[in-house]
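The lines below spell out each chain.
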Amino acid sequence: MPSPDRIRVVVADDDEAVRTVLMRVLVDEGFDVVGAAADGLEAVSLAGELRPDTVLLDVRMPRVGGIEAARRIRPIDPAVRVVMLSAYDDPALQQEATAAGASRFLVKGCSLSELVDAVGG
Amino acid sequence: MLRAMDIEAAMRRPFSGAAALVVPALGALLAASAITGTFLLQHHEGVDRAHELRIVDLRSKFAALQNMPWDARPLSGDLLAAQQELDHALARNGLRSLVPQVDMNVAVLYAIDAYVVAGDTGGASKLARQARRLSRPVVIRLDAAAQNATRDARRADLESTVGSTAAIALLFAGFGLVSVRLRRAHNDERAHRTELERAQAERKVLLARTVEGADEERRRIAADLHDGPVQRLTATAFALDLLANRIARGELESAEEDLRDVREALAAQMHSLRRLMTELRPPVLDEGGVAAAIANRAVQTLGLDATYAVHDRTRAARLVPEVETAVYRVAGEALMNVMKHARASRVDIFLDRRGNRLHLVVVDDGVGFDGTAAPDRTEHLGLEAMRERIESVGGTFRIVSAPGLGTRVEASVEWRARVEEHRAVA
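What counts and what doesn't
- Residues numbered from 1 in each chain as written.
- Chains lettered and ligands numbered in written order.
- Predicted model: local features only at pLDDT ≥ 70, side-chain atom pairs only at ≥ 80, totals over all residues.
- Helix = DSSP H or I, 4+ residues; strand = E, 2+ residues; numbered from the N terminus.
- Buried ≥ 20, exposed ≤ 12 C-beta atoms within 10 Å, placed from the backbone.
- Contact = placed C-beta atoms within 7 Å.
- Nonpolar A, V, L, I, M, F, W, Y, C, P; charged D, E, K, R; others polar.
- Pairing = 2+ DSSP bridges.
- Axes fitted to C-alpha atoms, helices over the stretch in contact; angles between N-to-C directions.
- pLDDT = per-residue confidence, 0-100.

Regarding the overall build of chain B
Looking only at helices and strands, one finds 12 helices and 5 strands in chain B. Classification of the 426 residues of chain B by burial places 30% in the buried group. A fraction of 76% describes how many contacts in chain B between residues 6 or more apart in sequence connect residues 24 or more apart.

In C-alpha cells, the structure reads:
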C-alpha cells in the first residue's frame, strides 16, 4: 500500500455525519483530506480545482449522484482515482460505477482496512 | 306484408344495437307523421256533437297510446286497425290512389323493424331512407284532404273524414310508438354500455393508482432507510474504527470521548428506527384503536405545545383493521400537512358515527390554499394518497380550503365493527 501521507483526498457525501467521520478516519489514517463536498456537482468542481489523487464519492447524492460525478470527473483528470461508496450492495450498480470510471466500489459498513486500501490505491 | 304476430314477436325480442343507424331516419318520418295527426284532429274541433265525442274518444285513445307503459301497449292491433280504417277512408274520400302508398309505408316500417331485430343494419338503413321519401307525398295529400273536409263539415262523408283523420292519427301514433320503443331500447343499451365502460375505466385508474401508491410508499420507506439508519450505522462503524485506532495508540482519553459519541449515535439510531417502525404500523392503533392512535399522532406531529383537540364521538369503538388503518393514515397525512403548510393556531379532529358511516374531519384555522388551483406535484401526491387510502376501503374523501380560511379534510367510510375474538379458556 502506498504511504497515505502523500495521498490527497476529496470526500463527497451528502450525509454530514458520514462525511465528517470519513474525513476524521482518513485523516487519522494519515491521508490528506483536501476537500469535502455535499453533492456530486461540488465534488466535480473540487476535483477540477484541487486535483486530488483520490475522490471518494457516495453513490446517492442530491443534484448530481456519485456515478454521474465520476463520469464528469474522468475527462477533467484521467489520472484521478475514483472510489465509490454506496449504501446498496448491488452488482448492477457496481457495474455501472465501474463503467463510469470508478476503480473501486465499497459498500457502506466495509472495514477500515478496505477503505484505506481503496483510497490509497 | 309481415303479419301482426310477427311484428309483436319481433318487438318482444331483445333489442339489437343496429337500431342506432335506423332511428334518426325513422325518427324524421315519424315526427312529421305525429305532427300531422295532431293537426288533423285539431281541425275538427267545430263539428257536430256526435263527431266531437268520436274525436274525443279517438284523441283519448291517441293520448293513451302515447302515454301507455311500453310493455302494456297493444300496439299491433291498433296499428293494423288504424291502417284498415285509413284504407277505407281513403277510398271513400277519393284518395284511393294513396292506399298502396300508405300500405307500402306500413310495410316498410314493419320491414325496418324486422331488419333491425335481425341485425341487418344496411338493410334497415336503406329501408328507412325509402320510408322517409315515400311518406312525404302521402302526408301532404292526406293533410290537404282533411282540411278540405273540415271546410265542408256538413258533407255526408264527414264521419268517414273524421274517421280517416283519427285513423291517420292512430297510425302515426303507432309509428311514433315504434320509434319510441326503438329509441328507448337503443338509449338503454347505450346507457348500459357507457356505464360499463365508465366503471371499467374507473377500475383501471383505481388499480393503477393503488399500484402507484404502493410503489411510492415502498420508495419512501427505502429512502427513509437509506437516509436514516444506513447512514447513521455507516458513521457509527467508521467511528468504531477510529476508536479502535485510538485505543491501539493508547489515546485513552479521546477514546473514551469517542465511545460516548458512539453510544449517543446508537441511541439516536434506535430512536429513529422506532419512529420508522411506528410509522409503518403504530402499536397504539392495535391496542387503543383509531382515536387513540390519531391523538398519539397529533402529539408526535404537532408537538406538545400545539393547540389541538381530538373529539372522539365513537366511544372508542373498534372497527375492522383495514378501516382503522385507512382512517389513521388519512388523519396522519392531514396533520402532517397542517404542520408543514397551515401555520394554524388550532386544529380539531372529529371522529363521529353517522348512521352506518364513520366520519373523520380534520379542520384547522390556518392559511388555507386555493382549492381551485392545481397543487404542485408533491402536494398533489399527498392529497391523492389520502384519497386513495380511503377509497381503497370503499370510503369517500373531500378537502375544502380557501386562502385565509383554513382547511377542512373530510373522510367517510362504512362503519364496519370489529368482531371480537372469543378466546377459549383452557
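After that view of the structure, there is still more to cover.
Thoughts on the environment of V330 of chain B
Its place among the elements puts V330 of chain B in helix α11 (residues 321-342). Distance in space between the C-alpha atoms of V330 of chain B and I294 of chain B is 9.8 Å, their sequence separation being 36 residues.

Section: the interface of chain B and chain A
Listed by partner, the interface residues are 13 residues for chain B and 13 residues for chain A. Classifying every residue of the side of chain B that touches chain A gives 7 nonpolar, 4 polar and 2 charged.

Concerning the sheet that holds strand β2 (residues 32-37) of chain A
Residue and element names in this part refer to chain A. The sheet built from 5 strands is open, its strands ordered β2-β1-β3-β4-β5 with parallel pairing. Strand pairing shows two members of the sheet lacking a second neighbour, β2 and β5 (104-107), which therefore form its edges. Averaged over all pairs of adjacent strands, the angle between their axes in this sheet comes to 20°, without regard to strand direction. Here strand β1 (residues 8-12) pairs with strand β3 (residues 54-58) via 4 bridges, running parallel.

Thoughts on the pairing of strand β5 (residues 407-414) of chain B
Along any regular strand the residues' side chains alternate between the sheet's two faces. Residues and elements named next belong to chain B. Because side chains alternate across β5, one face comprises the buried residues T407, V409, A411 and V413, and the other comprises R408, E410, S412 and E414, none of which is buried. Here 8 bridges tie strand β3 (residues 357-364) to β5, and the two strands are oriented antiparallel to one another. Residue pairing in the sheet places R357 in a bridge with E414 of β5. Relative to β5, strand β4 (residues 396-401) runs antiparallel, the two sharing 6 bridges. Paired with V400 across the bridge in β5 is R408. Hairpin connection, β4 to β5: the antiparallel pair is bridged by 5 residues, and G404 has positive phi, about 85°.

Section: the confidence of the model for chain A
On average, residues of chain A score 92 in pLDDT, and 96% of them are at 70 or above. Looking across chain A, the model is least confident in helix α4 (residues 91-99) of chain A, with a mean pLDDT of 92, and most confident in β1 of chain A, with 98.

Quick look at the confidence of the model for chain B
All names here are of chain B. Of the residues in chain B, 53% reach a pLDDT of 70 or more, and the chain-wide mean stands at 71. Between the elements of chain B, mean pLDDT differs from a low of 37, seen in helix α1 (residues 4-12), to a high of 96, seen in β3. Segment residues 421-426 is flagged for pLDDT under 50; beyond a separation of four residues in sequence, or across chains, it makes 0 contacts in the model.

Looking at the sheet that holds β5 of chain B
All names here are of chain B. What the 5 strands build is an open sheet, ordered β1-β2-β3-β5-β4; its pairing is mixed. The open sheet terminates on both sides in strands that have one partner only, identified here as β1 (308-312) and β4. Pairs of neighbouring strands in the sheet enclose a mean axial angle of 10°, with direction left out of account. Across 5 bridges, β1 lies against strand β2 (residues 347-354) in parallel orientation. Residue A309 lies in a different strand from β2, and its bridge partner there is D348. Relative to the sheet, helix α10 (residues 290-302) contacts β1 and β2, its axis offset from that of β1 by approximately 175°. Most of the contacts of α11 go to β3, to which it runs at about 10°, and overall it touches β2, β3 and β5.

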